[in-house]
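# Commentary on secondary and tertiary structure
Listed here are the chains, written in short residue letters.
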Amino acid sequence: MKKAIIKRSHNEKYGYKIVAEGYIPEYLEEDLEMLADDLASTNTLEISEKLRDFKKFYRRKNGLVIRFKQNFWHLPKCEFGIEREIGTERTIPSIRIGMKVRRSILWMLWETYSC
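Throughout what follows, the structure given in this document is the object of discussion. (Residues numbered from 1 in each chain as written. Predicted model: local features only at pLDDT ≥ 70, side-chain atom pairs only at ≥ 80, totals over all residues. Heavy atoms only, no water.)

## Side note on the sheet that holds strand E4 (residues 91-103)
Pairing between the strands of a sheet is mediated by backbone hydrogen bonds and can be parallel or antiparallel. Here we have 4 strands laid out as an open sheet, ordered E1-E2-E4-E3, and mixed in their pairing. Since the sheet does not close on itself, it has two edges, and those belong to strand E1 (2-8) and strand E3 (64-76), each with one partner. Put simply, the sheet's adjacent strands are angled 15° from each other on average, direction ignored. Taken together, the 8 bridges between strand E2 (residues 15-22) and E4 define a ladder with parallel strand orientation. Of the residues in E4, the one forming a bridge with Ile-18 is Ile-97. (Pairing = 2+ DSSP bridges. Helix = DSSP H or I, 4+ residues; strand = E, 2+ residues; numbered from the N terminus. Axes fitted to C-alpha atoms, helices over the stretch in contact; angles between N-to-C directions.)

## Overview of the pattern of salt bridges
Applying the stated rule across the entire model yields 6 salt bridges. The shortest N-O distance in the salt bridge between Asp-37 and Arg-8 comes to 2.5 Å. With a gap of 29 residues between them, Asp-37 in helix H1 (residues 26-41) and Arg-8 in strand E1 connect regions that are remote in the sequence. The structure contains a network of salt bridges with shared partners spanning Lys-3, Glu-21 and Lys-100. (Salt bridge = Lys/Arg side-chain N within 4 Å of Asp/Glu carboxyl O.)

## Regarding the packing of aromatic side chains
In total, this model carries 3 aromatic pairs according to the counting rule given. Note on Tyr-27 and Tyr-58: the rings are 6.2 Å apart at their centroids and 10° apart in plane angle, and the pair reads as stacked. On the criterion of sequence distance, the pair formed by Tyr-27 in helix H1 and Tyr-58 in helix H2 (residues 48-62) is long-range, its members being 31 residues apart. The exposure class assigned to Tyr-27 is partly exposed, which follows from its relative accessible area of 32%. A centroid spacing of 5.0 Å and a plane angle of 55° characterise the contact between Phe-54 and Tyr-58, whose relative ring orientation is tilted. Linking Phe-54 with Tyr-58, this pair stays in helix H2, spanning 4 residues, or about one helical turn. Of the two residues, Phe-54 and Tyr-58, both sit in the buried class. Taken together through their ring pairs, the aromatic side chains of Tyr-27, Phe-54, Phe-57 and Tyr-58 make up a single cluster. (Phe/Tyr/Trp six-rings, centres within 6.5 Å; stacked < 30°, edge-to-face > 60°. Buried < 20%, exposed > 50% of the residue type's maximum accessible area, 1.4 Å probe, protein only.)

## Description of a nonpolar patch on the surface
Residues Ile-105, Leu-106, Met-108, Leu-109 and Tyr-113 make up a contiguous nonpolar surface patch of about 580 Å² in total accessible area. Along the polypeptide, Tyr-113 turns up in helix H3 (residues 105-113). (Patch = residues over 30% accessible without salt bridge, like charges linked within 9 Å, V, L, I, M, F, W, Y side chains within 5 Å. Areas by Shrake-Rupley, 256 points an atom, 1.4 Å probe, with all protein chains shown as cover.)

## Examining the nonpolar core
By size, the foremost hydrophobic cluster in this structure holds 23 residues, and its most contacted members are Ile-18, Leu-28, Leu-32, Phe-54, Ile-97 and Met-99. Looking at this core, the elements that each hand over two or more residues are E1, E2, H1, H2, E3 and E4. Per-element tally for this core: the top contributor is H1, with 6 residues. Filtering out sequence-adjacent residues up to four positions away, Leu-28 remains in contact with Tyr-23, Phe-54, Tyr-58, Leu-64 and Val-101. (Core = buried A, V, L, I, M, F, W, Y, C linked by side-chain atoms within 4.5 Å. Contact = heavy atoms within 4.5 Å.)

Following this line, the structure appears as structure tokens:
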């Protein structure tokens, strides 16, 4: 089981922390980096549509089953590499996106017996 943690904050307004666990191939890790950049560049915390499209794409293309769990937190600025100034807030509103990734059983059988 592999674990990937990706943190992004485009500005000091919002932050995103993606924690993926399970079967994580290299191409998924790279796409999670791009997803985190894309989410950080938006100005809202409404991300459910982007996550739903991401989930559907990987289900159809690679047979990966992804389950999301979103939590709204106030995480420390220093966790995102934002330096704190004296007299300012120490946290920023953040969304922690937890992912459980696994291979589809049908996809695994197809790969095993197609050779």
